[in-house]
Amino acid sequence: MTGILASGLSTIGLAAGSTYGGQANAVDAAMAALLICRATGLANPNAFVFHPNDWTAIRLSRENAATGTLGGYLYGPPSQAGAATLWGRPVVEALGMTENTILCGDFQMGCMLFDREQAAITTGTIDDQFVRNMRTILAEMRAAFAVFRATAFCRVTGA
């Protein structure tokens, strides 16, 4: 399975956030990706995917960071569990996502996992494994992942 990032989706650089009146930071670029998914893919993006390091940098952003006087955290104090949302969409943290990359998209309409056969796990012994106190484990699953509309997704690089 190759996944969404290899499906020919739209890709923008971090500076695209400044095109929409932003400051060319990851939050502004995420909004730019949201707009591209809406306009190009005619989709309603329902989630963002971040590498945990990138989401942590956003979660730790503070007021007045440019002036050098750090105020309160923009996403709430550290003593409270803040909602993992950005522009009203949930944020999913995935270690498989490349750092400095954001994925925005309509995951309900744009892609689907077809599961033909549930995962099956079988154990047993082969040849002389019984004598050597060994077991073989076989795990298999029959599935396919399809991206129906690549334009329903947008990747931000350099975030």
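Residues numbered from 1 in each chain as written. Predicted model: local features only at pLDDT ≥ 70, side-chain atom pairs only at ≥ 80, totals over all residues. Heavy atoms only, no water.

Enquirer: Got a minute to help me understand the overall build of the protein chain in this structure?
Expert: Along the backbone of the protein chain there are four helices and eight strands. In the protein chain, the succession of α and β elements from N to C terminus is β-α-α-β-α-β-β-β-α-β-β-β. Computed over the C-alpha atoms, the radius of gyration of the protein chain is 21 Å, more than 25% above the 15 Å expected from 2.2 N^0.38 for a compact globule of 159 residues. Principal axes of the C-alpha set define a box for the protein chain whose edges measure 70 × 40 × 25 Å. When the 159 residues of the protein chain are sorted by exposure, 30% land in the buried category. When the accessible surface of the protein chain is split by element, carbon and sulfur atoms take 55% of a total near 9,700 Å². Computing the positive centroid from 10 side-chain charges and the negative centroid from 11, the protein chain places the two 5 Å apart. (Helix = DSSP H or I, 4+ residues; strand = E, 2+ residues; numbered from the N terminus. Rg over C-alpha atoms; globule rule 2.2 N^0.38 Å. Buried < 20%, exposed > 50% of the residue type's maximum accessible area, 1.4 Å probe, protein only. Areas by Shrake-Rupley, 256 points an atom, 1.4 Å probe, with all protein chains shown as cover. Lys, Arg positive; Asp, Glu negative; His and termini not counted. Charge placed at Lys NZ, Arg CZ, Asp CG, Glu CD.)

Enquirer: I tried to follow helix α3 (residues 52-59) on my own but got confused; where do I start?
Expert: Given 3.6 residues to a turn, an α-helix orients residues that are three or four positions apart in the same direction. When α3 is considered as a whole, its buried residues turn out to be P52, D54, W55, I58 and R59. The arc that holds every buried residue of α3, seen down its axis, measures 160°, which confines them to one face. Buried positions along α3 lie against α2 (26-41), β2 (47-50), β3 (85-86), β4 (89-93) and β5 (101-105). (Arc of directions from axis to C-beta. Contact = heavy atoms within 4.5 Å.)

Enquirer: Mind showing me how you'd approach a nonpolar patch on the surface here?
Expert: A contiguous nonpolar patch, built from M1, L113, M141 and F145 and spanning about 430 Å² of accessible area, is present on the exposed surface. Judged by its relative accessible area of 73%, M1 falls in the exposed class. (Patch = residues over 30% accessible without salt bridge, like charges linked within 9 Å, V, L, I, M, F, W, Y side chains within 5 Å. Salt bridge = Lys/Arg side-chain N within 4 Å of Asp/Glu carboxyl O.)

Enquirer: Whenever I open this one, the state of the cysteines confuses me. Can you help?
Expert: Cysteine pairs can be covalently joined through their sulfur atoms, and such a bond is termed a disulfide. Under the criterion given, the structure shown has zero disulfides. Looking at the unpaired C104, the closest cysteine sulfur is the one in C37, lying at 4.1 Å. Judged by relative accessible area, C104 falls into the buried class, the value being 0%. (Disulfide = S-S within 2.5 Å.)

Enquirer: Explain the side chain of Q129 here, please?
Expert: As for its position among the elements, Q129 is in the loop between β6 (111-124) and β7 (136-147). Since its relative accessible area comes to 12%, Q129 is described here as buried. Excluding its chain neighbours within four sequence positions, the residues that come into contact with Q129 are G124, M134, R135 and T136.

Enquirer: Before we go on, may I ask you to explain the environment of F145 in this structure?
Expert: Structurally, F145 is set in strand β7. When its relative accessible area of 30% is taken as the criterion, F145 is described as partly exposed. Sequence separation of F145 and C111 is 34 residues, and the distance between their C-alpha atoms is 7.4 Å. Among all residues touching F145, those that are not within four sequence positions of it are M1, G3, I4, C111, M112 and L113.

Enquirer: Teacher, can you tell me more about α2 here?
Expert: Taking 1.5 Å per residue as the helical rise, α2 with its 16 residues ought to reach 22 Å, and the 21 Å between its terminal C-alpha atoms agrees with that figure. When α2 is considered as a whole, its buried residues turn out to be A26, V27, D28, A29, A30, A32, A33, L34, I36, C37 and G41. One side-chain oxygen at the N-terminal end of α2 lies 3.1 Å from the backbone nitrogen of V27; it belongs to N25. (Expected span 1.5 Å × (residues − 1). Polar contact = N/O pair within 3.5 Å; in protein donor to acceptor, adjacent residues only side chain to side chain.)

Enquirer: Just to check I follow, could you spell out unusual backbone geometry for this structure?
Expert: Negative phi is the rule for most residues except glycine; trans is the rule for most peptide bonds. The backbone phi angle of D127 is positive, close to 55°, even though this residue is not glycine. Looking at where D127 falls in the secondary structure, it is placed in the loop between β6 and β7. Taking relative accessible area as the criterion, D127 reaches 76% and is therefore assigned exposed.

Honestly, it's all geometry; don't read function into it.
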